[in-house]
Amino acid sequence: QVQLVESGGGLVQAGGSLRLSCAASGSIFSINAMGWYRQAPGKQRELVAAITSGGSTNYADSVKGRFTISRDNAKNTVYLQMNSLKPEDTAVYYCNLDRAYTDWGPEDYWGQGTQVTVSS
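Values in this document were obtained by computation on a predicted structure and should not be read as measured data.

> Help me understand the overall build of the chain, please; the structure alone is not making it clear to me.
What the chain contains, in helices and strands, is zero helices and 11 strands. Counted from the first residue to the last, the chain has its helices and strands arranged as β-β-β-β-β-β-β-β-β-β-β. The C-alpha atoms of the chain give a radius of gyration of 14 Å, which matches the 14 Å a tight globule of 120 residues would have. Considered along the principal axes of its C-alpha atoms, the chain spans approximately 45 × 25 × 20 Å. Taken over 120 residues, the chain has a buried fraction of 43%. For the chain, the share of sequence-separated contacts (at least 6 apart) that also reach a separation of at least 24 residues comes to 55%. Here the chain has roughly 6,300 Å² of accessible surface; of this, 46% comes from carbon and sulfur atoms. If the 10 positive side-chain charges of the chain are averaged to one point and the 10 negative ones to another, these points end up 6 Å apart.

As structure tokens, then:
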């Protein structure tokens, strides 16, 4: 059984910073990619940033230059440093494991979500 524990969300003023963390636990052999998605009210869930096991990163255009994703493979933990936050960054942020390999084979996993609210 794989569990994801997210932390770091909260309320911040525009221009401020937050750091999200997501730790995966369980009998995980490897993880192809770890990432963060977000979903604002009335909108579809969208990719924010992702990082492969080799360190390659991918960012949504809207967060490039402001957000930084990083990963600790030994701890199966992914981080999202969010700087220069804008009110439009307000959303529930979800951690994602893309193809985590366990005894049951590869599967995608999602965290429970953490609220990020940016006030103007």
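Right, picking up where we left off after that structure.
> Is there a simple way to explain the pattern of salt bridges in this structure?
Should their charged atoms come close, side chains of opposite charge can pair. Applying the stated criterion across every chain, the model contains five salt bridges. The residue Arg 38 makes a salt bridge to Asp 89 at a minimum N-O spacing of 3.0 Å. Residue Arg 38 is located in strand S4 (residues 30-39), and its partner Asp 89 is located in the loop between strand S8 (77-82) and strand S9 (91-102); the two are separated by 51 residues in the primary sequence. One exposure class covers both Arg 38 and Asp 89, and it is buried. With a closest N to O distance of 2.8 Å, Arg 66 and Asp 89 form a salt bridge. Of this pair, Arg 66 sits in the loop between strand S6 (57-59) and strand S7 (67-72) while Asp 89 is found in the loop between S8 and S9, placing the two residues 23 residues apart along the sequence. Linked by salt bridges that have partners in common, Arg 38, Glu 46, Arg 66 and Asp 89 make up one network.

What counts, and where the lines are drawn
- Residues numbered from 1 in each chain as written.
- Predicted model: local features only at pLDDT ≥ 70, side-chain atom pairs only at ≥ 80, totals over all residues.
- Heavy atoms only, no water.
- Helix = DSSP H or I, 4+ residues; strand = E, 2+ residues; numbered from the N terminus.
- Rg over C-alpha atoms; globule rule 2.2 N^0.38 Å.
- Buried < 20%, exposed > 50% of the residue type's maximum accessible area, 1.4 Å probe, protein only.
- Contact = heavy atoms within 4.5 Å.
- Areas by Shrake-Rupley, 256 points an atom, 1.4 Å probe, with all protein chains shown as cover.
- Lys, Arg positive; Asp, Glu negative; His and termini not counted.
- Charge placed at Lys NZ, Arg CZ, Asp CG, Glu CD.
- Salt bridge = Lys/Arg side-chain N within 4 Å of Asp/Glu carboxyl O.

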